[in-house]
Amino acid sequence: AARGLARSRLNCACSLTHIRSLTSATNNINQHYDVIIAGGGAVGSVLARLLLNDNDKSSLSHRRRRPLKVALLEQRSSPPSLENIANSSSSKNNKQSPNARAYALSPTSLSYLGPSVLQRLQQTNRLGIYDSMQIWEHDGPAQLHFAGEDLNEAVKSGRLVDLHGLIERNDDTEQHQTQQQQSNRRPWLGSVVEDAPLVSAVWDELRNDERIDLIDNVQITSISAPSQNTMGNVEPPPPVEMSCTRSITNEGGSKHEEECTLSADLLVAADGANSFVRRTLGHSFPMITHSYDRKAVTCTVELDVRKGDMAKTAFQRFLPHGPIALLPVWNCLNNDDNDAPIYANVVWSTTPSEANHLLSLSGTEFITTLNHHLCQGPNVNPPLLSNNNNRGMPHIPIIGTIAKEMDSLLRTANTALTMGTWTESPSRNYFRMPPASARVVGPIMGLDLKLSHVQQGYTAPRVALVGDAAHTVHPMAGQGLNLGMGDVYSLSELIKEAVDSGMDVAGTGLFLDRYNQERMVKGLGTVGGVHGLHELFRCSGSNSSSSGIMNANALNSGGNASGVESIVGLGRSLGMNVVNGLGPLRRAFAEAAAGATFSR
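Caption draft 1: Representation of the overall build of the protein chain. When you go through the protein chain residue by residue, the secondary structure sums to 22 helices and 19 strands. Here the protein chain, with 600 residues, has 50% of them falling under the buried criterion. Within the protein chain, counting contacts between residues at least 6 apart in sequence, those at least 24 apart form 79% of the total. Approximately 27,600 Å² of the protein chain is accessible, and the part contributed by carbon and sulfur atoms is 52%.

This is the structure in structure tokens:
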């Protein structure tokens, strides 16, 4: 029976076998945990991994730490193993392409996956690594070029994890790289990882750990959490209790539902933007929401290899109605197949009308539109004093002449700043045209974009929110999942600290309050910063055709911008050039995006 139980947990760790073994044959199953995580996606599964990870920095405390009892609840069926995903993709009879549902993870977020998960993702070629990033605008000459070298100092000083070293330390094979070869390696700026392989890789690691129950096909039906006035009393607040229903499939294929009651010292909501936990406890978690009136169109494309490849570069061009990004993803690297396709992910943020038009296009039409809007170089700033902007101004010749000269001087200075950055490192700063796309692979999907953030805090008595359950942001800076990864790392460290102190995981407000303070500052700062960037870059003229997509003249000229929009646009362009040209400032931005700490 014990061997059967172990085999069941290894092959299908999503079952309730372990719980049922503690009770008689009854439908009312009761089990208590230190931590229950609602949501087995990327955020929830990584939190579970971090909670069970004893290779932390807390000296030798993990050796005497009381083992945590953790449950991970997933509404869907448990994910397949990473090996199954990799084998199905490499099968000659079942060639698969990357999925558009993917995340751009920073080096710090990647480190939270752990060396084993990272190594397996790399060995199965599921990491779309990039060590260069190019950002430019449609209505100005400014460019931003970030490179792996911008992170060298942070890696050397220990303020940012060395991902190369992290993976190699977990590799049992002998390393033959010389010290010179190791020093020449560029730090990663990040990596694009598909949702399915990421979740499967983490679940594979959790399946082999007896300290966690992985429970799939489960639906939480009710939650009973202690009220706010129970905190601060001599007695700790009562545990959170949940009623759940789980769909069970028997060996014969028939299904039946099983009811259970679970309780926990801490319930963590990692169940996404439409979190059932947060909505059920809505009185504790009022939300601030804001619609961007924008929609993201995303898909996977195959590149035209005759016109270049990604070269480990992430491209982003700002158009009048939002950015369009071309991101590297995994590719089938087969030494015997030089003609293997090269893929990339597209994320295009624009107005709902333009997005709906893009979604209505055929694959060929979409590719033509994509190449036309993305494969364009930098432009010149539009005049600040066009005929439209002069309307209503008094006609005084001398003032008009001075204004035009100032206009010309500012635009010339901005162009000169752009050219000036070429002298710092031509190999890093030259403009590189993105590769053209050849065809769409898979579906073209649309997603409404909105900002949301908890209004009062991330915690309530014995409850904590993480990831999209607490906040959602615009995808333009790629900070959505990275912000959630920061949540789970912070929470896991504080939970371990509580256990090491011999305290109830959430019996007092001490540790949850610290989590709330840390993440509210970080969350509001990130959400506010991304929102500010969105508002800054939306100050651009546009001239829309009847089809809803900008015509070529409007795209290349910047449209009919108002005077204020032209001034803001020029200021934004100058700011981009200043950041790009000042090495310390540019490196500071790169380190912040990578998740580097300010001091060691």
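Caption draft 2: View of the pattern of salt bridges. Tallied over the full model, the rule gives 21 salt bridges. In this structure, Glu137 and Arg572 form a salt bridge, with 3.2 Å as the shortest nitrogen-oxygen distance. Placement of Glu137 in strand S5 (residues 132-137) and of Arg572 in helix H21 (residues 563-581) is noted, with a sequence separation of 435 residues between them. Glu137 sits in the buried class, given a relative accessible area of 0%. Connected via shared salt-bridge partners are Arg120, Asp204 and Arg207.

Caption draft 3: Highlighting the side chain of His471. Secondary-structure assignment places His471 in strand S19 (residues 471-472). A polar contact is formed between the side chain of His471 and the side chain of Asp487, at a distance of 2.6 Å. Those residues in contact with His471, other than ones at most four positions away along the chain, are Ser452, His453, Tyr458, Leu483, Gly484, Asp487 and Val527.

Caption draft 4: Representation of the sheet that holds strand S4 (residues 128-130). Strand order in the open sheet formed by 3 strands is S3-S7-S4, with antiparallel pairing between adjacent strands. The outermost strands of the open sheet, each flanked by one partner alone, are strand S3 (102-105) and S4. Each strand axis lies, on average, 15° off the axis of its neighbour in the sheet, ignoring direction. Where S4 and strand S7 (residues 190-194) come together, 3 bridges link them in antiparallel fashion. Each residue of the ladder has a partner; that of Gly128, found in S7, is Val192. Along the sheet face, helix H11 (residues 195-207) touches S3 and S7 and points at about 90° away from the line of S7.

Caption draft 5: Structural detail: the sheet that holds strand S16 (residues 437-454). Strand order in the open sheet formed by 8 strands is S6-S5-S13-S14-S15-S12-S16-S19, and the pairing between neighbours is mixed. Two strands in the sheet have a free side with no partner beyond their single neighbour: strand S6 (143-147) and S19. Here strand S12 (residues 287-303) pairs with S16 via 14 bridges, running antiparallel. Each bridged residue has a counterpart across the sheet, and for Ser291 the counterpart in S16 is Lys450.

Caption draft 6: Expanded view of the packing of helix H3 (residues 42-52) against helix H18 (residues 480-500). For the pair H3 and H18, the least separation of the axes is 9 Å and the interaxial angle reads 30°. In this view, H3 runs roughly parallel relative to H18, as classed from their interaxial angle. Read as a crossing pair, H3 and H18 show a hand that is right-handed. The segment H3 lies against H18, with Ala42, Val43, Val46, Leu47, Leu50 and Leu51 engaging Leu481, Gly484, Met485, Val488, Tyr489, Leu491, Ser492, Ile495 and Lys496.

Analysis parameters
- Residues numbered from 1 in each chain as written.
- Predicted model: local features only at pLDDT ≥ 70, side-chain atom pairs only at ≥ 80, totals over all residues.
- Heavy atoms only, no water.
- Helix = DSSP H or I, 4+ residues; strand = E, 2+ residues; numbered from the N terminus.
- Buried < 20%, exposed > 50% of the residue type's maximum accessible area, 1.4 Å probe, protein only.
- Contact = heavy atoms within 4.5 Å.
- Areas by Shrake-Rupley, 256 points an atom, 1.4 Å probe, with all protein chains shown as cover.
- Salt bridge = Lys/Arg side-chain N within 4 Å of Asp/Glu carboxyl O.
- Polar contact = N/O pair within 3.5 Å; in protein donor to acceptor, adjacent residues only side chain to side chain.
- Pairing = 2+ DSSP bridges.
- Axes fitted to C-alpha atoms, helices over the stretch in contact; angles between N-to-C directions.
- Parallel < 35°, antiparallel > 145°, perpendicular 65-115°, else oblique.
- Left-handed = near helix turned anticlockwise from the far one by under 90°.

Function cannot be read off these values alone, since they describe shape.
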